[in-house]
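Breakdown of the fold
Spelled out, the chains give:
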Amino acid sequence: MAFLELQHLTKTFYQKGKKVRVLDDVDLSVNRGEFVVVLGPSGEGKTTVLRIIAGLDQQDSGDIYIDGELVNDLPPKDRNVAMVFQNYAIYPFMTVFDNIAFPLKLRHVPKNEIREKVKKVSEMLQIDHLLDRKPYQLSGGQRQRVAIARALVKEARLLLMDEPLANLDAQLRTIAREELKELHKNLDITIMYVTHDQIEAMALGDKLAVLHNGVIQAYGTPMEIYKNPVNVWVASFIGNPPTNLLKGRIEGGNFVFEGYKLAVPKRIAEVFEGKEVIVGVRPDDIDIGGEIKGTIEASEPTGIYTIEHVKVGSTLIRVIDRGLIIRGRGQELKISINLDTAQFFDSASGRNLVS
Ligand SMILES: Nc1ncnc2c1ncn2[C@@H]1O[C@H](COP(=O)(O)OP(=O)(O)OP(=O)(O)O)[C@@H](O)[C@H]1O
Ligand SMILES: [Mg+2]
C-alpha cells in the first residue's frame, strides 16, 4: 500500500437545495516522500479533497489510508497532517513566533522545546529575523513562509498545500516555487499540493493528478501527461498555449480536415483508416508558412513570441509566432502542421487512441 491512499472518495454538497456531486470517485496513491500536485480548474473540488484528507470535512463514502492506517474516523488532530490554506490563515494579532508556535502550544509542548523547534524551522525558511513582527509587517512571500513554518513545526507526516503561492506576484512565485522544491528535497515529507495553474503544476510536481468532473482524469509525471494525454480534455488543459484540437477523418493515409490533407504517420493510418478523429497538435508543431490558409482572429504578444489565433475554416488554431513582425486581426496567415508527434483521439469518446 502507498503512503497515502484515497479509495473511491465521493462528496456531495447541497447548493440552493440541489445536490452537487463534487467528488464522484476519486482514487489516488501517493508514495512516501513524493510531491504530488493536484491540478484542476476552479470549483472542481481540489480544496474539498484536501479538507477531507485533513479531516476538516467528511467524505460521503470511500476510504483514506495514511501510512497504512485507515483514518476515516480519526479527528483532524490525530491524523498528523498539516495544511497550508489558500489564504495562509495566520493570526493577525500574533507575532510570527507565536503563529509558528501555536500548534505546539495546543499540544502543551514544553516552552524550551517550542523555542528550539521554532528557531530551527524559521532558520530553515529564512524568517528567523522576523519572529517579533506581526503579519501586517510582512510581505506576501514572508507570510506564506510563516504559514509553511507553522505547518512544518508540527513535524506532520503529510503536508497539504492549497494554492499557497496564489497571492504572490509572478516573480516572487517563481522564487517561492524553487524554495519549496528545495525544501521538499531536504525534508523527509510527503506533499500534496493543489493548484489550478498548470505551469505551476508542471514546475513543482514529481507527479500530477488532473482532477475534473469528480475523478482523477490522469495521473503521472508532468512529462508523461503532457506528451501523452489520456483524453481530449487533458490535452486541452495542459500546456500553454494549449494543444490545438482538429476534427477530421483518416482517409487514404491522410488526416482530412477543413478541406486539407495532412500526411499521418503510417502506424496511425493503418489502424485508424476511415475513422473520425480529433487530432491534438501542440503549438510547437505548427510553423508559419505553408499550404494551409488561415485568418488571424487575435494576436497575444508575450514578449518572446506572439500567440496568433488563426481561423482555418471553422477551426481555431493557436500558432507560436517567433518573428518580430506585428500582424493584425483579419490578416491572412499561411501555416503548416506537422503530425509526427500529434495525438489521436476517438471523436466520440475523446479517448487517446494510441496510448
Ligand atoms: N461547504 C460547502 N457547501 C456547498 N458547496 C460547497 C462547499 N464547499 C465547496 N462547495 C462547492 O464545491 C465545489 C468544489 O469546491 P472546492 O473549493 O473544492 O473547489 P476548488 O477546486 O478548490 O476551486 P478553486 O480553484 O476555486 O479554489 C464548488 O462548486 C463549491 O462551490
Ligand atoms: Mg480551492
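Everything below is about the structure printed above this text.
Residues numbered from 1 in each chain as written. Chains lettered and ligands numbered in written order. Predicted model: local features only at pLDDT ≥ 70, side-chain atom pairs only at ≥ 80, totals over all residues. Heavy atoms only, no water.

The next point concerns the site of ligand 1. Every one of the 14 residues lining ligand 1 counts as a neighbour, but Ser-42, Gly-43, Lys-46, Thr-47 and Thr-48 are closest to it. Taking Thr-48, its side chain carries an N or O atom lying 2.5 Å from an oxygen atom of ligand 1. If ligand 1 stood free it would expose 640 Å²; the protein chains cover 64% of that surface. Those elements that provide at least two residues to the shell around ligand 1 are β1 (4–15) and α1 (46–54). Residue composition of the shell around ligand 1, by class: four nonpolar, seven polar and three charged. (Near = heavy atom within 4 Å. Polar contact = N/O pair within 3.5 Å; in protein donor to acceptor, adjacent residues only side chain to side chain. Areas by Shrake-Rupley, 256 points an atom, 1.4 Å probe, with all protein chains shown as cover. Helix = DSSP H or I, 4+ residues; strand = E, 2+ residues; numbered from the N terminus. Nonpolar A, V, L, I, M, F, W, Y, C, P; charged D, E, K, R; others polar.)

With that settled, consider the layout of surface pockets. Rolled over the atoms, a probe as big as a water molecule pinpoints where empty space is left. Taken as a whole, the largest pocket spans an internal volume of roughly 600 Å³. In terms of lining, the largest pocket is formed by 19 residues, of which the most central are Val-81, Ala-82, Pro-103, Leu-106 and Lys-154. Within this model, the second largest pocket holds a volume of roughly 260 Å³. Forming the boundary of the second largest pocket are Lys-117, Lys-120, Val-121, Met-124, Ala-151, Leu-152, Val-153, Glu-155, Ala-156, Leu-187, Asp-188 and Ile-189. For the lining of the second largest pocket, the elements supplying multiple residues, two or more each, are α3 (111–124) and α4 (140–152). Broken down by element, the residue count for the lining of the second largest pocket peaks at four residues, all from α3. Here the lining of the second largest pocket is composed, by residue class, of eight nonpolar, no polar and four charged. (1 Å grid on protein atoms, 1.4 Å probe; cavity = no way out; pocket = protein on both sides within 12 Å on 5 of 7 lines; lining within 4 Å. Points joined across faces, edges and corners; volume = space filled by probe spheres on them.)

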